[in-house]
Amino acid sequence: MPQLNTPLKILNHTYGYSCFQGQQETIINHVLRGGSGLVLLPTGGGKSLCYQIPALLLDGVAIVVSPLIALMQDQVASLTELGVAAVYLSSACEFSDNQTSIQKIRNGLVKLVYVTPEKLVSEWFLSFLSRIKISLFAIDEAHCVSHWGHDFRPEYRRLEILAKFFPKTPRLALTATADYYTKTDILHYLRLKDAPLFSSSFNRANLYYAALEKNNGKKQLTDFIQQHKNDAGIIYCNSRKKVDDVTTFLNAQGIAAINYHAGLDNVTRSEHQTQFLQSSSMLMVATVAFGLGIDKPDVRYVYHFDMPRSIDHFYQESGRAGRDGMAANSVVNYGFKEIFELSQMILTSEVEDLKKRYELDKLKKMIAYCDSITCRRQTLLMALSEESESCGHCDVCLSQNNLVDSSVLAQKILSAIYRMQQKFAIGQVIDVLRGKATTPVQVWEQHKLSTFGIASEHSEKELRRSIRQLYSQNLLDIDFMTGALKLNANSLAVMRGIQQVWLKKNPHKIIESIQLNQWLKTEQEERIYHNLLNWRHTMAIRHKVSHHAILSDRSLREIVNLKPSDELDLQSVYGIGNVKLERFGADLLNLITKL
Ligand code: ADP
Ligand code: ZN
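Quick caveat, the model's predicted, so the values are computed rather than measured.

Helix and strand counts for the protein stand at 26 helices and 17 strands. Dimensions of the protein along its principal axes, counting C-alpha atoms only, are 85 × 60 × 45 Å. In the protein, of all internal contacts separated by at least 6 residues, the share reaching a separation of at least 24 is 72%. Entry remark: accessible area of the protein is about 25,800 Å², with carbon and sulfur atoms responsible for 50%. Looking at charge distribution, the protein has the averaged site of its 67 positive side-chain charges lying 2 Å from that of its 60 negative ones.

The next point concerns the pairing of strand β11 (residues 283-286). Here β11 shows no split at all, with L283 and V285 on one side and M284 and A286 on the other all buried. Examined bridge by bridge, strand β9 (residues 233-236) and β11 share four bridges and lie parallel to one another. Within the sheet, the bridge partner assigned to Y236 lies in β11 and is A286. Bridge count for strand β10 (residues 257-260) against β11 is four bridges, and the pairing is parallel. Within β11, the residue paired with N259 across the bridge is V285. Note that the unit made of β10, helix α12 (residues 266-277) and β11 has a crossover that is right-handed.

What follows concerns the domain arrangement of the protein. Taken as a whole, the protein is organised into domain 1 (7-199), domain 2 (207-398), domain 3 (405-504) and domain 4 (520-593). For domain 3 and domain 4, the distance between their C-alpha centres works out to 59 Å.

This paragraph deals with the site of ligand 1. The full set close to ligand 1 counts 16 residues, and Y17, G44, K47, S48 and R323 are the nearest of them. For ligand 1, a nitrogen atom lies 2.9 Å from a polar atom in the backbone of C19. Between R323 and ligand 1, the recorded distance is 2.8 Å, taken from a side-chain N or O atom to an oxygen atom. Ranked by residues supplied to the shell around ligand 1, first place goes to helix α3 (residues 47-57) with three residues. Broken down by class, the residue content of the shell around ligand 1 amounts to seven nonpolar, seven polar and two charged.

Here the focus is the coordination of the zinc ion (ligand 2). Distances from the zinc ion (ligand 2) to its protein donors, C375 (SG), C391 (SG), C394 (SG) and C397 (SG), fall within 2.3 to 2.4 Å. Angles of 102 to 120° at the metal separate the four donor atoms of the zinc ion (ligand 2), which places the site in the tetrahedral class. Counting gaps between the donor residues of the zinc ion (ligand 2) yields the pattern C-x15-C-x2-C-x2-C. A residue pair is termed long-range when its members are at least 10 positions apart, and C375 in the loop between α15 (353-370) and α16 (376-383) and C397 in the loop between α16 and β14 (403-405) qualify at 22 residues.

The next subject is the sheet that holds strand β7 (residues 197-199). Taken in spatial order, the seven strands make up an open sheet running β3-β4-β2-β5-β6-β1-β7, and their pairing is parallel. Strands with a single pairing partner mark the edges of an open sheet, and in this sheet they are β3 (86-89) and β7. Along the sheet, successive strands turn relative to each other by an average axial angle of 20°, direction set aside. When strand β5 (residues 134-139) meets strand β6 (residues 171-175), the two strands line up parallel, connected through three bridges. Its bridge partner being in β6, A138 is matched across the sheet by L172. Helix-sheet contacts for helix α2 (residues 24-32) involve β1 (37-40), β5, β6 and β7, and the interaxial angle to β7 is about 160°.

So, on to unusual backbone geometry. Unlike most non-glycine residues, R191 shows phi in positive territory, near 55°. Position of R191 relative to the elements: it lies in the loop between α9 (180-189) and β7. Classification of R191 as partly exposed rests on a relative accessible area of 39%.

Bringing the pattern of salt bridges into the picture now. The final tally for this structure, using the stated rule, is 27 salt bridges. A salt bridge links R153 to E118; the shortest N-O distance between them is 3.4 Å. Remark: E118 occurs in helix α6 (residues 117-120) and R153 occurs in the loop between β5 and α8 (161-165); sequence separation between them is 35 residues.

Let us now look at α2. Burial in α2 covers these residues: Q24, I27, I28, H30 and V31. One face of α2 carries all of its buried residues, which in axial projection span an arc of 160°. The inward-facing, buried residues of α2 contact α1 (7-15), β1, α3, β5, β6 and β7. A positive backbone phi angle near 95° is found at G34, which sits one or two residues after α2.

Mapped onto the elements of the fold, R377 is located in helix α16. Buried and without a salt bridge, R377 has D395 as its closest oppositely charged side chain, separated by 9.4 Å. Reaching out from R377, the side chain makes a polar contact with the side chain of N203 at a distance of 2.9 Å. The contacts of R377, once residues within four sequence positions are left out, are N203, R204, A205, L207, Y209, C391, H393 and C394.

Rules and cut-offs
- Residues numbered from 1 in each chain as written.
- Chains lettered and ligands numbered in written order.
- Predicted model: local features only at pLDDT ≥ 70, side-chain atom pairs only at ≥ 80, totals over all residues.
- Heavy atoms only, no water.
- Helix = DSSP H or I, 4+ residues; strand = E, 2+ residues; numbered from the N terminus.
- Contact = heavy atoms within 4.5 Å.
- Areas by Shrake-Rupley, 256 points an atom, 1.4 Å probe, with all protein chains shown as cover.
- Lys, Arg positive; Asp, Glu negative; His and termini not counted.
- Charge placed at Lys NZ, Arg CZ, Asp CG, Glu CD.
- Buried < 20%, exposed > 50% of the residue type's maximum accessible area, 1.4 Å probe, protein only.
- Pairing = 2+ DSSP bridges.
- Right-handed = clockwise from strand over helix to strand, strands pointing away.
- Domains from an automatic or database assignment.
- Near = heavy atom within 4 Å.
- Polar contact = N/O pair within 3.5 Å; in protein donor to acceptor, adjacent residues only side chain to side chain.
- Nonpolar A, V, L, I, M, F, W, Y, C, P; charged D, E, K, R; others polar.
- Donors = N, O, S within 2.8 Å, 3.2 Å for Na, K, Ca; no water.
- Tetrahedral: all angles 85-135°; square planar, octahedral: opposite > 155°, others 65-115°.
- Axes fitted to C-alpha atoms, helices over the stretch in contact; angles between N-to-C directions.
- Salt bridge = Lys/Arg side-chain N within 4 Å of Asp/Glu carboxyl O.
- Arc of directions from axis to C-beta.

Structure below.
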């Protein structure tokens, strides 16, 4: 066995990967030289290696702060499968387990210790740390320090004492949330203002983005699931009730799905989470309570049954698909109803006005994403302050001819709103446009307006969709407290014919999302793959870890394609390092050559 004394050797032999990605090597070398810093990389960008490899090369033990036990357990399980000595400490562990781990740390038998922030800043633990050699501090999910973000954890702020207590020890903060305010908070609270920032594009090239207007949401969902039968997926809903409802519906259709939300007791929640982590084709229907702790690289799609409440939530949640770098889908199902509900929720919440404005802006960006008439990836990245070219393979890029010049229709809608003195909600505006003299229309004498019936050739649905798109394109405003449609400066440009308006014709048609599993080319490959899945499942149960801690989907795929015939071949497979080769090599070769 070669001496594992350089980052590259560790990458090759411990992790079984051939080369570094993006800035990994720069960051690792920076930490090895004793530097601190902030790492902003998208989900799946390979942040863990940035502190794990220095931890293996430096003297002493690395302390990794992580917000959730589930995350720590998973990381420690994966490291153990790689033959790396790692433990986690938490107040949720048995006292005796923590004692055993502490003893191991004292005896220098451990390279990485995962702890919760509460544990880390406890007086007892700080005093323990002052007596051992610490190689570095890694603060994972560092955005938890910021109250702007969606995972605010006040105890993260107490980590500011690390700089004071351990001024010479490198501190590496890591997150996938790049928002300007969040970033500023991290630099401030973790005392990293003078440290370098390592960031890369937030583009998730392997994600295929699509959004579809809600039009019988459950049917749209089952159609999608049918197209992706063997894939593990997360289905997000905005309420517990909806989660239960969708789960029951799917089960009644014979689809294996489990639920997860804060209303379930701890034991059930944790059972469901484990079930999902250990399966490669299970569906999880959940509220956003299911999120931060989920380190499952082979989630093949994230389907938002309801529209997320902000573009940042969306980026984080959709980002849970395809962490292994292989193709994965993100679908958002959206409609006017959610836009109203979410806007009202923000407006009536008990937060300061500044935060309300911040949240409304993030929601508006989400709506603009859903109704986007230009590349969806580009719209998403723009919301994250990143410029990019159109991608060519999101649903918008693939259906360019779906746009219609709707300038005249827009003028009709806006004039109706104007004539109705900007005081009425969408239902009544549509009635006037279609020439329906309902009682309220007559009471307000709107059947006498010149705009009465000027868009009677359009269905109610079409008008509703058009008004929504005008709102998402910032061509009209809505007062969400009263529901009244209003004009803004852009509306005037449209009414005067200075600005042209393009609207989408058919946004609820079934999208052509990426079909996975098409890479199996022959029956023999299907058999090998099937056997590999069974073998991995048995191993995961035997080792009491998740599937991907045994071997990732990508590794299985490479094995099927390569059909390795000896250990040398096997060693070249993605994710097979020395320890895995030793543990599983013979089994795998046997399994492939048998067929
Ligand atoms: P993040 O924490 O940034 O979301 P991870 O550290 O979990 O990402 O890495 C995502 C996946 O990519 C993991 O399965 C990881 O082992 C793998 N990975 C990381 N670095 C490399 C690399 N240099 N080559 C190949 N795979 C890598
Ligand atoms: Zn695109």
